[in-house]
Amino acid sequence: MMPVEEAAADDWSECAFSLTCEEDCADLGDGELFPLYSAGDEEEDEYLEQLVFKETSFCSSSDSAADCDGDEEGDEEYSSLTSEEWFRQARLAAVKWILETRGCFGFGHRTAYLAISYFDSFLLRRRIDRETMPWAAQLLSVACVSVAAKMEECQAPALSEFHAGGFDFDSASIRRMELLVLSTLGWRMGAVTPLDFLPCFSSRVHPHGGAGAGAGGRVAIGFIFATAEAGSVLDHRPSTVAAAAILAATYGPLLTKEALSSKMSCLSPSYLIEKEHVHACYSMMVGDMSRRGSKRSLPCSGPDEIATSTYHSVLVDDATDTAAFASAVAAARSKQIRLELTGIH
Amino acid sequence: MATIQHQAKPAVAAAPSTTTGGGQRAMDLYEKLEKVGEGTYGKVYRAREKATGRIVALKKTRLPEDDEGVPPTAMREVSLLRMLSQDPHVVRLLDLKQGVNKEGQTILYLVFEYMDTDLKKFIRGHRSNNEKIPAATVKILMYQLCKGVAFVHGRGVLHRDLKPHNLLMDRKTMALKIADLGLSRAITVPVKKYTHEILTLWYRAPEILLGATHYSTPVDIWSVGCIFAELVTNQPLFPGDSELQQLLHIFKLLGTPNEQVWPGVGKLPNWHEYPQWKPTKLSALVPGLDADGYDLLEKLLEYEPAKRIPAKKALEHPYFKDVRKGDAH
């Protein structure tokens, strides 16, 4: 990081580093999970506003009739489709493959989340028949990961390097699917993800950085991906998911609605993120966590923090964690059922 | 399933359509008039839309039948333009046509609003006529450039290749627009290393030349400073022909940086002992500006990136006082 002089005479020196790029492909690696933000609160609020505006724009400027704000007819069809067991199974397999592929290629977390986001956005707009779903979902997953890697990574793999379990797609097919994904999503590929909010939110709940921020960040990422497994990433806005995840990682499962509302005040200006939605998302996350309890604890810097590696295993990077991954998948499946119940009024 | 949040939609201009059709169909919709240049990854044509008679710029990209699939540069440029095109100082992407040519290859046409010249041609025209660009014109162009850069940075995007050739102009209205986002990147993600062969050295920030692995919006601000100087003198300020020569050009004119003017410079990867030049006054390097102009130029060409003036702040600088009065908002 460029050093920032505390006594800098120029009043803009702080915000010059608010949006730092790291050329060396670092992605929330161990060690410096969130480089300590040098921006002041005012610049951070501006950054948050910009991100929330972008996520809103991404939803509302969709070319599809069934946009994120809910075209009722489209929503109904999508809702009925996603309630089918075969659809859930196929989506879960696709998400699992995306996460495994992220590990194999060493992609950033953001790449994986983007790929899942493209997958869900695509299926919001185009229907896949039940009989073609297994291979179509797999081909779609490959295309989504490839596009996400091209948007995000320093080096994207060649198409022939992707190995879709059980299927053998040639490069021409993947390329055609890439083009279909791009045109279906209107070539709007720069989506906002919950991960974009984490450095800012983390610096607000851990103003002095340190081990707490690092551990909390990793757990928050686990919550984010567990939620992505449980259901469509379009169900909640990225800012909502990020806020819920950082609160769950930092304060554990016991926040009441009132306490959460109070914690939210220090995360962001109140007009940016809906507290009700954050609470619903938080309840979903911690509901599953408390039901299974802690299996292995990560080091915590504070007595109030509860960390569990169960969610961490959603991010498995090698075969030896397959068993843990399978149990995480089972947990995600039960969470899916809870999500369905939530939808019934 | 969980309820999808219902949020009020902000007013958004109609997005350009993306249509898939035969390459022939794209050819049938537009009459190519002449080739006018090359972008980062494709040829650019002036063309007429047959249905309306409107003149547009067509940027053509053939997608190769190879193992890469859709090129990342095309993907990034379109995505970023879809986000940025609503600003009056970023070139507008009107449409995207996807088709197949006679050989069965996939062709992408990006349809842009047409701008009849670029800043490079504009400056060169004045140079060949041996005349300076009027001071008021320089100011109007610089104001628009700062507005465009402020907007792009405000949306979390680095351009990374700002230079006169990428700044399109309308000769009649003196409108200026930022173009060619093929090398641009969203700021919140890891950034690919520069492809040296593509980028013009002359507008490259010293921290990049010194191999900094962390850089941000100030790299575009340095480019803005170089363009400002060139508008005033008709000559590039730092015309190096290799990375080392580029650095030496900068150091000879602005003085060799040290830990006092640029804390941390000695730790950058490409730093070593350089000849110790003393800075030359900007008024000698760039004759023809007033005091406010020199003050702004100095702030744009600060060695220390953190001290370089952000585009948003530059718009408030006294140099633009008379231009701001005419600003609607």
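Everything quoted here is computed from the prediction, not taken from an experiment. (Residues numbered from 1 in each chain as written. Chains lettered and ligands numbered in written order. Predicted model: local features only at pLDDT ≥ 70, side-chain atom pairs only at ≥ 80, totals over all residues. Heavy atoms only, no water.)

Novice: Looking at this structure, how should I read the overall build of chain A?
Specialist: Looking only at helices and strands, chain A features 13 helices and one strand. Its helices and strands taken in sequence order, chain A reads β-α-α-α-α-α-α-α-α-α-α-α-α-α from the N to the C terminus. Buried positions account for 58% of the 345 residues belonging to chain A. For chain A, restricting intrachain contacts to residue pairs at least 6 apart in sequence, the fraction spanning at least 24 positions comes to 75%. Element-wise, carbon and sulfur atoms account for 52% of the exposed surface of chain A, whose accessible area totals about 13800 Å². (Helix = DSSP H or I, 4+ residues; strand = E, 2+ residues; numbered from the N terminus. Buried < 20%, exposed > 50% of the residue type's maximum accessible area, 1.4 Å probe, protein only. Contact = heavy atoms within 4.5 Å. Areas by Shrake-Rupley, 256 points an atom, 1.4 Å probe, with all protein chains shown as cover.)

Novice: What exactly am I supposed to notice about the packing of aromatic side chains here?
Specialist: To describe a pair of aromatic rings, one takes the distance between the centres and the angle between the planes. All names here are of chain B. Within this structure, the stated rule accounts for 14 aromatic pairs over all chains. Taking the centre distance of 5.1 Å and the plane angle of 80° together, the rings of Phe251 and Tyr274 count as edge-to-face. With Phe251 in helix α7 (residues 243-254) and Tyr274 in the loop between α7 and α8 (282-285), this residue pair connects regions lying 23 residues apart in the sequence. Each of the two residues, Phe251 as well as Tyr274, counts as buried. (Phe/Tyr/Trp six-rings, centres within 6.5 Å; stacked < 30°, edge-to-face > 60°.)

Novice: Even after reading the chapter, I still don't get the UniProt feature "binding site: ATP" (unreviewed entry) in chain B, so can you show me in this structure?
Specialist: In this numbering, the UniProt entry assigns the feature "binding site: ATP" (unreviewed entry) to B:Lys59. Of note is the side chain of B:Lys59, whose polar atom sits 3.0 Å from the side chain of B:Glu77. (UniProt positions renumbered as here; feature names shortened; annotations may be inferred. Polar contact = N/O pair within 3.5 Å; in protein donor to acceptor, adjacent residues only side chain to side chain.)

Novice: I tried to follow the confidence of the model for chain A on my own but got confused; where do I start?
Specialist: Low-pLDDT portions of the prediction should not be read for the details of their coordinates. Residue and element names in this part refer to chain A. Mean pLDDT over chain A: 67, with 60% of residues reaching 70 or higher. Across residues 60-73, where pLDDT falls below 50, the model places 27 contacts with residues more than four positions away in sequence or in other chains. Between residues 291-345, whose pLDDT stays under 50, and residues either more than four places distant or in other chains, the model counts 93 contacts. (pLDDT = per-residue confidence, 0-100.)

Novice: I keep staring at the environment of B:Leu96 and nothing clicks. Help me out?
Specialist: Residues and elements named next belong to chain B. Looking at where Leu96 falls in the secondary structure, it is placed in strand β5 (residues 93-100). For Leu96, a relative accessible area of 3% gives the class buried. Taking C-alpha positions, Leu96 is 8.6 Å from Val78, a pair spaced 18 residues apart along the chain.

Novice: Looking at this model, I keep getting lost on the confidence of the model for chain B. Mind explaining?
Specialist: Residues and elements named next belong to chain B. Of the residues in chain B, 83% have a pLDDT of 70 or more, and the chain-wide mean is 81. For the stretch residues 19-24, pLDDT sits under 50, and the model shows 15 contacts to residues farther than four places along the chain or on other chains. Of the regions scoring below 50 in pLDDT, residues 188-198 engages in 34 contacts with residues more than four places distant in sequence or in other chains.

Novice: Please clarify how the side chain of B:Lys177 should be interpreted in this entry.
Specialist: All names here are of chain B. Relative to the helices and strands, Lys177 resides in strand β10 (residues 175-178). A polar contact of 3.0 Å, which involves the side chain of Lys177, links it to the backbone oxygen of Pro88. In this structure the side chain of Lys177 is engaged in a polar contact, spanning 3.3 Å, whose partner is the side chain of Glu113. Excluding anything up to four places from it in sequence, Lys177 contacts Pro88, His89, Val90, Val91, Glu113, Met115, Asn166, Leu167 and Leu168.

Novice: Got a minute to help me understand unusual backbone geometry in this structure?
Specialist: Comment: phi is negative for the bulk of residues other than glycine, and the bulk of peptide bonds are trans. All names here are of chain B. Of note in the backbone geometry, Asn130 takes a positive phi value of approximately 55° without being a glycine. Secondary-structure assignment places Asn130 in the loop between α3 (119-128) and α4 (135-154). Of note, Met174 is a non-glycine position whose phi angle comes to about 60°, a positive value. Within the secondary structure, Met174 is located in the loop between β9 (167-170) and β10.

Novice: Explain the nonpolar core here, please?
Specialist: The tendency in soluble globular proteins is for nonpolar side chains to be buried as a group. Within the largest apolar cluster, 173 residues are counted, with the highest numbers of intra-cluster contacts made by B:Leu119, B:Met142 and B:Phe228. For this core, the leading source of residues is helix α5 (residues 133-152) of chain A, giving 13 residues. With residues up to four places along the chain from it excluded, the contact list for B:Leu119 reads B:Leu141, B:Pro164, B:Leu167, B:Met169, B:Leu176, B:Ile227 and B:Leu231. With eight residues, the next largest nonpolar core counts B:Ala47, B:Leu58, B:Tyr109 and B:Val111 among its residues. (Core = buried A, V, L, I, M, F, W, Y, C linked by side-chain atoms within 4.5 Å.)

Novice: When you look at the pairing of β5(B) in this model, what are you seeing that I'm missing?
Specialist: Residue and element names in this part refer to chain B. Burial of β5 is extensive: six of the eight residues sit out of reach of the surface. The pairing of β5 with strand β6 (residues 106-113) spans seven bridges and is classified as antiparallel. Opposite Lys97, over in β6, you have Tyr109 as the bridge partner. (Pairing = 2+ DSSP bridges.)

Novice: What should I look at first to understand the pattern of salt bridges in this one?
Specialist: Oppositely charged side chains may form a pair once their charged atoms are brought near each other. Residue and element names in this part refer to chain A. Tallying each qualifying case throughout the model produces 17 salt bridges over all chains. A salt bridge links Lys150 to Glu178, with the nearest nitrogen and oxygen atoms 2.7 Å apart. A residue pair is termed long-range when its members are at least 10 positions apart, and Lys150 in helix α5 and Glu178 in helix α6 (residues 171-184) qualify at 28 residues. The class of Glu178 is buried, set by a relative accessible area of 0%. Taken together, the shared-partner salt bridges in this structure form one network comprising Arg110, Glu152 and Asp196. (Salt bridge = Lys/Arg side-chain N within 4 Å of Asp/Glu carboxyl O.)

Novice: I keep staring at the packing of helix α9 (residues 238-251) of chain A against helix α10 (residues 257-267) of chain A and nothing clicks. Help me out?
Specialist: Between two packed helices, both the angle of their axes relative to each other and the distance between the axes serve to describe the pair. Residue and element names in this part refer to chain A. For the pair α9 and α10, the least separation of the axes is 11 Å and the interaxial angle reads 115°. For the element pair α9 / α10, the angle class is roughly perpendicular. The handedness of the crossing between α9 and α10 comes out as right-handed. Contact residues: α9 offers Ala243, Ile246, Leu247 and Tyr251, while α10 offers Leu260, Lys263, Met264 and Leu267. The residue makeup of the contact of α9 with α10, split by class, is seven nonpolar, no polar and one charged. (Axes fitted to C-alpha atoms, helices over the stretch in contact; angles between N-to-C directions. Parallel < 35°, antiparallel > 145°, perpendicular 65-115°, else oblique. Left-handed = near helix turned anticlockwise from the far one by under 90°. Nonpolar A, V, L, I, M, F, W, Y, C, P; charged D, E, K, R; others polar.)

Novice: How should I be thinking about the sheet that holds β9(B) in this particular structure?
Specialist: Within a sheet, each strand pairs with its neighbour through backbone hydrogen bonds, oriented either parallel or antiparallel. Residues and elements named next belong to chain B. Reading across from one edge, β7-β9-β10 is the order of the three strands in this open sheet, with antiparallel pairing throughout. If you trace the sheet from one side to the other, it starts and ends with β7 (117-118) and β10, each paired once. Where β7 meets β9, two bridges bridge the pair, whose relative direction is antiparallel. Residue pairing for β9: Asp118 is matched across the bridge by Leu168. Where α4 meets the sheet, it contacts β9 and β10, and its direction lies at approximately 30° from that of β10.

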